[in-house]
Structure formats: structure tokens, C-alpha cells
Amino acid sequence: MGDVKPDQTLDTKGLNCPMPVLKTKKALNSVQSGQILEVITTDPGSKSDIPALLRRLGHELVETKEDGGVISFYIKKK
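Residues numbered from 1 in each chain as written. Predicted model: local features only at pLDDT ≥ 70, side-chain atom pairs only at ≥ 80, totals over all residues. Heavy atoms only, no water.

Right, let's get into the environment of T41. Summarising the element assignment, T41 is placed in strand β2 (residues 36–41). Note: C-alpha distance between T41 and L15 (26 residues apart in sequence) is 7.5 Å. When residues no more than four places from it in sequence are discounted, the contact partners of T41 are T12, K13, P20, S46, G69, V70, I71 and F73. (Helix = DSSP H or I, 4+ residues; strand = E, 2+ residues; numbered from the N terminus. Contact = heavy atoms within 4.5 Å.)

Here you go:
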């Protein structure tokens, strides 16, 4: 898959659980259906927490990237 172009970016670097998950849930409310939300975090727990949130809410995790302890999630809103 090529580079995903997000419609909105949420930067939660430096925040610990549960803040990245809570902020992701809130940010998803502000994007339109079909748009891509990029979530950037440094919280290692987010690697399991954010995909679990998306499964619960029914949104699609398009791509996950990890680089030097920074994790980027690309989420397509249902």
C-alpha cells in the first residue's frame, strides 16, 4: 500500500494510557464517514488499545507505522 493521506491528524505523543484512546475516540467524532484520521502516539500500550477500540466501534485500521518509538495509526471512519 502507498502512503495514506490523512484528512485529519491527532498528535498524542507524550500522553499515556488512556489518553490516546480517549482522544482518538473524540477525534473520530469530528471526521466524516470515509475520511482518514492519523493518530500519532508514543504510548506502547496504544499498539493493542487503539485496534481494540476500532474493532469495538467498527472503524477500519488502514495502516500502522512505527518509527523510533513513534506509532502512527491510519483509521478510516465507517
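Structure shown, so let's carry the discussion forward.
A few words on the environment of M19. Summarising the element assignment, M19 is placed in helix α1 (residues 19–28). For M19 and I40, which are 21 residues apart along the polypeptide, the C-alpha to C-alpha distance reads 12 Å.

The next thing to look at is α1. Within the sequence span of α1, burial applies to P20, V21, T24, A27 and L28. For α1, the angular spread of the buried residues around the axis is 130 degrees, confining them to a single face. Tucked into the core, α1 has its buried residues touching β1 (8–11), β2, α2 (46–57) and β4 (70–76). (Buried < 20%, exposed > 50% of the residue type's maximum accessible area, 1.4 Å probe, protein only. Arc of directions from axis to C-beta.)

Attention now moves to the nonpolar core. Among the nonpolar cores identified, the biggest contains 13 residues, and L28, L37, V39, I50, F73 and I75 are the most heavily contacted of them. Those residues within four positions of I50 in sequence are excluded, and the remaining contacts are V21, T24, V39, F73 and I75. (Core = buried A, V, L, I, M, F, W, Y, C linked by side-chain atoms within 4.5 Å.)

Omega for the bond connecting C17 with P18 falls within 30 degrees of zero, at 10 degrees, which places this linkage in the cis form. Note that P18 resides in the loop between β1 and α1.

This part covers the side chain of K77. Inspection of the secondary structure puts K77 in the segment after β4. Despite its burial, K77 pairs with no opposite charge, the nearest such side chain being D7 at 11 Å. Setting aside anything within four residues of it in sequence, one finds K77 in contact with L28, N29, V31, Q32, S33, G34, Q35 and H59. (Lys, Arg positive; Asp, Glu negative; His and termini not counted. Salt bridge = Lys/Arg side-chain N within 4 Å of Asp/Glu carboxyl O.)

With that settled, consider α2. For α2, spanning twelve residues, the distance from its first C-alpha to its last is 16 Å, which sits close to the expected 16 Å at 1.5 Å a residue. Among the residues of α2, those classed as buried are S46, I50, P51, L53 and L54. End-on view of α2: buried residues confined to an arc of 155 degrees, all on one side of the axis. Exposed side of α2, more than 90 degrees from the buried face: R55 and R56 are the residues found there. Buried residues belonging to α2 abut α1, β2, β3 (60–67) and β4. Count one or two residues on from α2 and you reach G58, which has phi positive near 90 degrees. (Expected span 1.5 Å × (residues − 1).)

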